[in-house]
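Residues per chain are reported as follows:
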Amino acid sequence: MNLRIGYGYDVHQLAEGEDLVIGGLTIPHEKGSVGHSDADVLLHVICDALLGALALGDIGTHFPDTDPAYKGIDSKILLRDTWALVQARGYQLANVDSTVCLQRPKLKPHIPDMRACIAGILGVDMDRIGIKATTTEKLGFVGLEEGVSAHAVVLLEAQA
């Protein structure tokens, strides 16, 4: 099979005193994501989508939150290591499409830098990295500013 599709979904609680790291960037805000690593919800869903496309499990399988080695780790490292697994199996990235759900702050001004960061890690042109941001119109845990969620889908192609 030459094409493989993977999907990822992740959620992180928001709390005061934590950094808000999304797409490899630290975004100024009074609340940040809670997690074992730096809790970068966007990079986590991209990892899960990449792993899922090749039936390699999920981010917790490869980088368990029970392992102290990953405490506070920069999720850019997790994405880099996940990408190495994909490449070792002979696949290249066709594209990533993702959505981050966050009530505040507005992410639109940060999206170009997020795309550049992710493209750099994956060694692809920015036009292969799609990132969208939305609120939930003040509904649910995202709308109440209790958490952040993200979705991603990737398309991989077997290298010729």
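Residues numbered from 1 in each chain as written. Predicted model: local features only at pLDDT ≥ 70, side-chain atom pairs only at ≥ 80, totals over all residues. Heavy atoms only, no water.

Caption draft 1: Layout of the packing of helix α1 (residues 41-53) against helix α3 (residues 75-88). Here α1 crosses α3 at 15 degrees, and the two axes come no closer than 9 Å. Put simply, α1 runs roughly parallel to α3. Crossing hand, α1 versus α3: left-handed. On α3, the residues touching Leu-43, His-44, Ile-46, Cys-47, Leu-50 and Leu-51 of α1 are Ser-75, Lys-76, Leu-78, Leu-79, Thr-82, Trp-83, Leu-85 and Val-86. Taken together, the residues that form the contact of α1 with α3 break down as ten nonpolar, three polar and one charged. (Axes fitted to C-alpha atoms, helices over the stretch in contact; angles between N-to-C directions. Helix = DSSP H or I, 4+ residues; strand = E, 2+ residues; numbered from the N terminus. Parallel < 35°, antiparallel > 145°, perpendicular 65-115°, else oblique. Left-handed = near helix turned anticlockwise from the far one by under 90°. Contact = heavy atoms within 4.5 Å. Nonpolar A, V, L, I, M, F, W, Y, C, P; charged D, E, K, R; others polar.)

Caption draft 2: Structural context of the sheet that holds strand β4 (residues 31-33). Read from one edge to the other, the open sheet built from five strands follows the order β4-β1-β7-β5-β6, with strand pairing classed as mixed. The strands lining the two open edges of the sheet, one partner per strand, are β4 and β6 (129-134). When strand polarity is set aside, the average angle formed by the axes of neighbouring strands in this sheet is 20 degrees. Sheet analysis places strand β5 (residues 91-101) next to strand β7 (residues 147-158), joined by ten bridges and oriented antiparallel. Paired with Val-100 across the strands is Ala-150, a residue of β7. Relative to the sheet, α1 contacts β1 (3-16), β5, β6 and β7, its axis offset from that of β1 by approximately 155 degrees. Packed onto the sheet, helix α4 (residues 111-122) meets β5 and β6 and runs at close to 145 degrees relative to β6. (Pairing = 2+ DSSP bridges.)

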